[in-house]
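Observations on the three-dimensional arrangement
Each chain, letter by letter, is given below.
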Amino acid sequence: MPAPPNGPVIRPRRLRTTPAMRRMVAEHRLHPADLILPAFVREGITEPVPVSSMPGVVQHTRDTLRKAAADAAEAGVGGIMLFGVPLEKDARGTAGTDPDGILQVAIRDVKAEVGDDLVVMSDLCLDEFTDHGHCGVLDARGRVDNDATLERYAEMARVQAVAGVDVVGPSGMMDGQVRVVRDALDGAGHQDVSILAYTAKYASAFFGPFREAVDSSLKGDRKTYQQDPANGRESLRELALDLAEGADMVMVKPALPYLDVLRQVADAVDVPVAAYQVSGEYAMVEAAAANGWIERDRTILETLTGAKRAGANLVLTYWADEVARRLNRGE
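Report on the accompanying structure. (Residues numbered from 1 in each chain as written. Predicted model: local features only at pLDDT ≥ 70, side-chain atom pairs only at ≥ 80, totals over all residues. Heavy atoms only, no water.)

**Section: the overall build of the protein chain**
Looking only at helices and strands, the protein chain features eleven helices and ten strands. Rg of the C-alpha trace for the protein chain: 21 Å, near the compact-globule value of 20 Å for 331 residues, within the 12% margin. The principal-axis extents of the C-alpha atoms in the protein chain amount to approximately 80 × 45 × 40 Å. Per-residue burial over the protein chain gives 52% buried out of 331 residues. Once local pairs closer than 6 in sequence are excluded, the contacts in the protein chain between residues at least 24 apart make up 75%. Accessible surface for the protein chain amounts to roughly 15400 Å². Of this, 51% is attributable to carbon and sulfur atoms. Of the charged side chains in the protein chain, 37 are positive and 49 negative; the average position of the first set lies 8 Å away from that of the second. (Helix = DSSP H or I, 4+ residues; strand = E, 2+ residues; numbered from the N terminus. Rg over C-alpha atoms; globule rule 2.2 N^0.38 Å. Buried < 20%, exposed > 50% of the residue type's maximum accessible area, 1.4 Å probe, protein only. Contact = heavy atoms within 4.5 Å. Areas by Shrake-Rupley, 256 points an atom, 1.4 Å probe, with all protein chains shown as cover. Lys, Arg positive; Asp, Glu negative; His and termini not counted. Charge placed at Lys NZ, Arg CZ, Asp CG, Glu CD.)

Structure follows, in structure tokens:
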């Protein structure tokens, strides 16, 4: 049947007609190597401990962490970001700088398991290790002491590098943290260890389930050092500082509520940009899917594609292994 005489000449729908056509003209693609798996390892357990607010996520034993890392490498996942949960905590987060602390042990375990088949990353922060749950040491008035905390971060960087880590992720949002970590690494002969800077990390309500995952002891909040959700331009200032101090990669965290910030960061840099799809984002999707309110698998891919479209080269996601396998199957 001929087209109506006044019908449209330009028809964008022509490029949406079939799955093959849509696949061919897709502007953004997910790849397993784009994905980084955050993983928790808990000291002193013999079986994995489920995280109730994050269905499918566990606190690993050393053995199950090794298997998770091997599985991720086999699926083609780009990297794994390790978080340690110690048996004992104190005001200075001593376990975080103990060469035999759980995080350093986990780094050695995973490197022994996967070698260079997976980029091994580690969280460089004190919050998992302090009895007050803050990301640094406190002064006499109970405030986080920025410069005293930097000294602890330098120690953490050195012990994590000795353990064999490929990339450290300073996540505490202390002023000057990237420079101090870079100087500590270089001064100890670890020039090849990269820094993934948590450049724009917001004081977000979306971090809630993570607190369970790391058995957080937090008292109060982190609003004096993490960014205010009302601010976007401030992230570009943090970005300029991190790059000047030697960051190799930069991150926006969380992802979904800050896609505008992610876009601005991506447009401003020539280094890899990561987005962290945080615990609350994961929990929302899993909870809504469990109630039959959304299509789980489609929603997962849509959220990850959104981060890529906004400019992320890399996405930290608790679905990394699952999604990598789906992508390998062409789903």
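**Here's the deal with the pattern of salt bridges**
For the structure on display, the rule yields 24 salt bridges. Linking Asp109 and Arg66 is a salt bridge whose minimum nitrogen-to-oxygen distance equals 3.9 Å. You can see Asp109 sitting in helix α3 (residues 102-114) and its partner Arg66 sitting in helix α2 (residues 62-75), a full 43 residues away along the chain. Here Glu286 and Arg296 are joined by a salt bridge, their closest N and O atoms 2.9 Å apart. In this pair, Glu286 is assigned in helix α9 (residues 279-290) and Arg296 in helix α10 (residues 296-309), connecting sequence segments ten residues apart. For Arg296, a relative accessible area of 25% puts it in the partly exposed group. Salt bridges sharing common partners tie together Glu286, Arg296, Asp297, Glu322, Arg326, Arg329 and Glu331. (Salt bridge = Lys/Arg side-chain N within 4 Å of Asp/Glu carboxyl O.)

**Notes on the side chain of Lys111**
Tracing the backbone shows Lys111 in helix α3. Here Lys111 falls in the buried class, since its relative accessible area comes to 17%. Engagement of the side chain of Lys111 in a polar contact is seen with the side chain of Asp166, the distance being 3.2 Å. The residues contacting Lys111, other than those within four sequence positions of it, are Asp116, Val120, Gly164 and Asp166. (Polar contact = N/O pair within 3.5 Å; in protein donor to acceptor, adjacent residues only side chain to side chain.)

**Considering the packing of aromatic side chains**
On inspection of all chains with the given rule, the structure shows six aromatic pairs. Here Tyr202 and Tyr258 contribute two aromatic rings whose centre-to-centre distance is 4.0 Å and whose plane-to-plane angle is 10 degrees, an arrangement assigned as stacked. Of this pair, Tyr202 sits in the loop between β7 (194-201) and α6 (208-213) while Tyr258 is found in the loop between β8 (249-253) and α8 (259-268), placing the two residues 56 residues apart along the sequence. Taken as a pair, Tyr202 and Tyr258 share a single burial class, namely buried. Ring-pair connections join several aromatic residues into one group, and the members of that group are Phe40, Phe83, Tyr276, Tyr282, Tyr318 and Trp319. In this structure, Lys201 is placed above the aromatic ring of Phe207, and the distance from its NZ or CZ to the ring centre is 5.9 Å. (Phe/Tyr/Trp six-rings, centres within 6.5 Å; stacked < 30°, edge-to-face > 60°. Lys NZ or Arg CZ within 6 Å of the ring centre and 35° of its normal.)

**Overview of the environment of Ala161**
By the element assignment, Ala161 lies in helix α4 (residues 146-163). Considered as a pair, Ala161 and Val273 are 112 residues apart in the sequence and their alpha carbons are 22 Å apart.

**As for the nonpolar core**
The biggest cluster of nonpolar side chains holds 100 residues, and the ones touching the most others in it are Ile80, Leu82, Tyr153 and Tyr276. Among the elements that line this core, the one with the most residues is α4, at seven residues. Excluding anything up to four places from it in sequence, Tyr276 contacts Pro38, Phe83, Tyr198, Phe210, Met251, Val252, Lys253, Pro254, Ala255, Glu281, Leu316 and Tyr318. (Core = buried A, V, L, I, M, F, W, Y, C linked by side-chain atoms within 4.5 Å.)

**Focus: the pairing of β7**
The buried fraction of β7 amounts to seven of the eight residues, a majority that puts the element mostly inside the structure. The sheet contact formed by strand β6 (residues 167-170) and β7 spans two bridges and is parallel. Each residue of the ladder has a partner; that of Val167, found in β7, is Ser194. Crossover β6 to β7 through helix α5 (residues 177-187) is right-handed. (Pairing = 2+ DSSP bridges. Right-handed = clockwise from strand over helix to strand, strands pointing away.)

**Some details on the environment of Arg158**
The residue Arg158 is located in helix α4 in this model. In the structure, Arg158 is positioned 118 residues away from Tyr276 in sequence and 24 Å away in space, judged by C-alpha atoms. With sequence-adjacent residues up to four places away left out, Arg158 is seen in contact with Ala184, Ala188 and His190.

**Brief notes about the side chain of Arg326**
Summarising the element assignment, Arg326 is placed in helix α11 (residues 320-328). Classification of Arg326 as buried rests on a relative accessible area of 6%. When sequence neighbours within four positions are dropped, the list of residues in contact with Arg326 reads Asp297, Arg298, Ile300, Leu301 and Glu331.

**Brief notes about a nonpolar patch on the surface**
A contiguous nonpolar surface patch, about 290 Å² in accessible area, is contributed by Leu15, Met24 and Val25. Secondary-structure assignment places Leu15 in the segment before α1 (19-24). A residue is classified by how much of its surface remains accessible, and Leu15, at 46% relative accessible area, is partly exposed. (Patch = residues over 30% accessible without salt bridge, like charges linked within 9 Å, V, L, I, M, F, W, Y side chains within 5 Å.)

Honestly, it's all geometry; don't read function into it.
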